[in-house]
Amino acid sequence: MMDFLRAHQLNIMLVLIGICGITAFFVYITGTLSKKRKRALMLVEIYSTILLISDRFAYIYRGDTSRLGYWMVRISNFLVFFMTLAVVHAINLYMIDLMKNEAGLKKVPFRLKASEGFAAAGEVMVIISQFTGLYYTFDETNHYTRSPAYLISYIFPTAVMFIMLSLLVKYRNSFRRLILYPLILFAIVPILASFAQIKAYGLSLTNMSIVGMAVILYVSVLIDMNVSVLRAHNIEVNYLKKQQKSMWLLFEQTATALVNAIDAKDKYTHGHSARVAEYSRKIAELYGKNEEECNEVYFSALLHDVGKIGIPGRIINKDGRLTDEEYEVIKQHPVIGENILSSISEYPYLSIGAHYHHERYDGKGYPRGLKGEDIPEIARIVAVADAYDAMTSKRSYRDAIPQSKVREEIIKGSGSQFDPTFARIMQHVIDLDTEYDLREREEVKELAGRDELNCGEYRSSVSEGIFVTPNKITISLRFTPEENDNGKSEPALLLFDSNDGRVYNDDRKRHDLNYYEYGEIWYDGRTVNSGVRDMQVVISKNDEEAKKKNLRKKKEYTDYKIEALRYKDHAFISIDGNGQRVEVTIALPDNTRFLYIGLTGQYCRLSNVDLRRSEMTIGEGYIRRIAERISYINGPEGDIPNVQIDGYRDNATIGIPIVDGLRISVHSMSLPTATLIWHCPFLTIFYSSDKKVFGKNYREFSLIRIDGEYWESDEAARNEMFVDQSKEFKGWEDWKERNKNGIDCVFTFTRNENIITIITENMGIYIKNVIIIMDDTQDVYAALTGDQVALTDIRINNQ
């Protein structure tokens, strides 16, 4: 190894000289270092460069007896010793800057001042040696020769290095690793190299190690600087993001506060603006808008009624319908809203919803009577969301309209009041809202807004219906009896179904809202069967719970836990509390009606109510069957099994490969519980690896209902739907009645590579849908599904 270094050390020196020179230039052009630190590093690199140049010349000219060789050897060797201490001095300057700016010291440590003294003394000794031969001499052949006192030259730089090392150890926690570790190497490696050089005469190990450490020092400083710059950049970015988020939050809170002020003025529309904003966002998302565009739609919808600030409260809160004069006044709120919001130039989209949300697609709206796509897109979205919430909310002159009826109204208003595209998306939003969450919430109903219910006479107060599904719901509550004359204070559950999930006692409302009551369950195990096929009760005692009850008698309350779930035509409800467990198995009259639980009682308070729904879905066999299955598909079976669909798309046929000339015929009958237009057969066009609807790798290209609706489900397909009504169509009520009696449907298919055309006609409705599949999907399937419909005698013919 030593022989290799001796043979190549001049070349190694040349390389290091070049690196040091380039490093000095980079230090000079670096703009992120402080002036003192930059000066110190430049001195380190410049002195290191001079040191190696001198050392190299000393080797090149040794033994040269010419006059030039004489002077070059002496000057070079003097500079080698002098520049070694100069590099150490430059490192000292670097350490002084670090102690002040990194370690945070107000005064320079005495040890650093002492090391400066050692460096200065060393320089003086080098000068003295030049004239006395203390460190070295030259023979008659002009060769360098060590003097007996040569080792004294090591004392001064070594002392400085040890002092620096002691300070680095003491203040190690004050420096970043990329600064600390290179300095420790700078202090240790040259000392070790010096000891090696004492024995390895003829090698410049010390000088090369000093220069090598100088280069490593700058590289580490550069990396640390980049890390610091990146850290500062990230801090700045995070700060800007935080500021942006804070500004956005401030904007959102300001907008919400303004909306709350509007809603506070109108006692009949509490929460209306927030709900319209949420519905509008859902429509925008399904339409394919990005997050920023959805936010624009949201805030424009949130502020759509801001103009009502300028409408007199006596008109806004009037009980009953408005007069023509009052209606003309309230029709000014879009103009007032536009005047208020148009001044916010930073967000010009805000005024769109306020100004145009009462325009109609057929041009019969106000304030400007715009028509079709002349109405801004945001306003067309807000219009359908606003109408939906208005219909599903209670007003002074009417109760809330059931969601199913609202959906029919949106269908009827498509193309006249509403943009057909956004009306269709709103219908899809309704279909996805299986638990009817998209509606106005009363303060006490389902205990939203607070967690207690006060009951007087039996059924005087009933919570909003809690939807029972195959996902178990757990209801925890506290029952507290209230004093009364008859001495009875008991909690109970009402089991029912209605279009809006609420209990009604009025016969007219029961009829209008398709109210159906299954029965009652009292917490002590008593039951009332009003409309189920069977209800079986099992009561078991809980001694531990009884003991706990005795301990808390003085508290005069009882905590209950209720669990409820349903699978098709059976439901199970358990009630734990008061020292016993009540288990009720219920055979419902059918699979199709919803099941709601209403919390009620007599002369009691139900408080601390908490509702939790499990994510796990139960299956067949989880609930003990106590009655026979109900089936409407016992009729003739065709080429594939008959299918009964009890709820929205909860069942479907297998996938039928679509080829040119395919013909599918089916006998369809809406179930007895069907009341709406879309309780009819659907045809879905899809792809999945296992040929099943919602199967593996499922992609849906189109969903066609025989009432003329469709849903384009996959971005890889484009649908062109044509619907016409002939003289045979007698209106929707007749159409629904004929569906209940049973009809025969035929679907014919033509396929030309990626273009599929489907034609069907039933009861005066002609439907033609052209599906253009945008990718190279070859295996496309058709399946029959629907909502509350029985499909039998399904025939498949490939012509």
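Residues numbered from 1 in each chain as written. Predicted model: local features only at pLDDT ≥ 70, side-chain atom pairs only at ≥ 80, totals over all residues. Heavy atoms only, no water.

A.B. asks: Teacher, can you tell me more about the sheet that holds strand β7 (residues 516-522) here?
C.D. replies: Strand pairing in a sheet is mediated by backbone hydrogen bonds. Such pairs are either parallel or antiparallel. Taken together, five strands build an open sheet; the order of strands is β4-β13-β6-β7-β8 and the sheet is antiparallel. Of all the strands in the sheet, just β4 (466-467) and β8 (527-529) have a single pairing partner and so form its edges. (Pairing = 2+ DSSP bridges. Helix = DSSP H or I, 4+ residues; strand = E, 2+ residues; numbered from the N terminus.)

A.B. asks: Is there a simple way to think about the packing of aromatic side chains in this case?
C.D. replies: Any two aromatic rings considered together are summarised by their centre-to-centre distance and by the angle between their planes. With the rule as written, the count across this model stands at 29 aromatic pairs. Judged by centre distance (6.4 Å) and plane angle (90°), the ring pair of Phe81 and Tyr150 falls under edge-to-face. On the criterion of sequence distance, the pair formed by Phe81 in helix α3 (residues 67-101) and Tyr150 in the loop between β2 (144-146) and α5 (152-170) is long-range, its members being 69 residues apart. For Phe81, a relative accessible area of 13% corresponds to the buried category. Judged by relative accessible area, which is 8%, Tyr150 ranks as buried. Connected via pairs of aromatic rings, a cluster forms that spans Phe81, Tyr135, Tyr136, Phe138, Tyr144, Tyr150 and Tyr154. Above the ring of Tyr28, the side-chain terminus of Lys38 is found at 5.7 Å from the ring centroid. The ring of Trp522 has Arg526 lying over it, and the distance from NZ or CZ to the ring centre is 4.8 Å. (Phe/Tyr/Trp six-rings, centres within 6.5 Å; stacked < 30°, edge-to-face > 60°. Buried < 20%, exposed > 50% of the residue type's maximum accessible area, 1.4 Å probe, protein only. Lys NZ or Arg CZ within 6 Å of the ring centre and 35° of its normal.)

A.B. asks: Help me understand the packing of helix α2 (residues 35-61) against α3, please; the structure alone is not making it clear to me.
C.D. replies: Think of two packed helices as two axes; the pair is described by the angle between the axes and how far apart they sit. Where α2 meets α3, the axes come as close as 7 Å, and the angle between the chain directions of the two elements is 160°. Between α2 and α3, the interaxial angle falls into the category roughly antiparallel. In this structure, α2 crosses over α3, and the sense of that crossing is left-handed. Looking at the contact of α2 with α3, its residues break down into 23 nonpolar, seven polar and four charged. (Axes fitted to C-alpha atoms, helices over the stretch in contact; angles between N-to-C directions. Parallel < 35°, antiparallel > 145°, perpendicular 65-115°, else oblique. Left-handed = near helix turned anticlockwise from the far one by under 90°. Nonpolar A, V, L, I, M, F, W, Y, C, P; charged D, E, K, R; others polar.)

A.B. asks: Looking at this model, I keep getting lost on helix α9 (residues 291-302). Mind explaining?
C.D. replies: An α-helix turns once per 3.6 residues; consequently, residues spaced three or four apart project the same way. Helix length check: α9, at twelve residues, gives a terminal C-alpha distance of 16 Å against a target of 16 Å (1.5 Å per residue), a fit within 8%. Among all positions of α9, only Cys294, Asn295, Val297, Tyr298, Phe299, Ser300, Ala301 and Leu302 are buried. (Expected span 1.5 Å × (residues − 1).)

A.B. asks: What is the right way to look at unusual backbone geometry in this model?
C.D. replies: Peptide bonds are, in most cases, trans, and in most cases residues other than glycine have a negative phi. That bond from Tyr366 to Pro367 is cis: its omega, 15°, falls within 30 degrees of zero. Along the chain, Pro367 turns up in the loop between α13 (350-356) and α14 (377-392). If you check the backbone angles, Arg459 has positive phi at about 70° while not being a glycine. Tracing the chain through its elements places Arg459 in the loop between β3 (453-455) and β4. For Asn697, which is not a glycine, the phi torsion comes out positive at approximately 55°. Among the secondary structure elements, Asn697 is positioned in the loop between β18 (681-687) and β19 (699-705).

A.B. asks: Got a minute to help me understand the sheet that holds strand β16 (residues 656-657) in this structure?
C.D. replies: What the five strands build is an open sheet, ordered β16-β25-β18-β19-β20; its pairing is antiparallel. Looking along the sheet, the strands with just one partner apiece sit at the ends: β16 and β20 (710-711). Sheet topology note: the β19/β20 ladder contains two bridges and is antiparallel. Note that in β20 the partner of Ile704 across the bridge is Tyr710.

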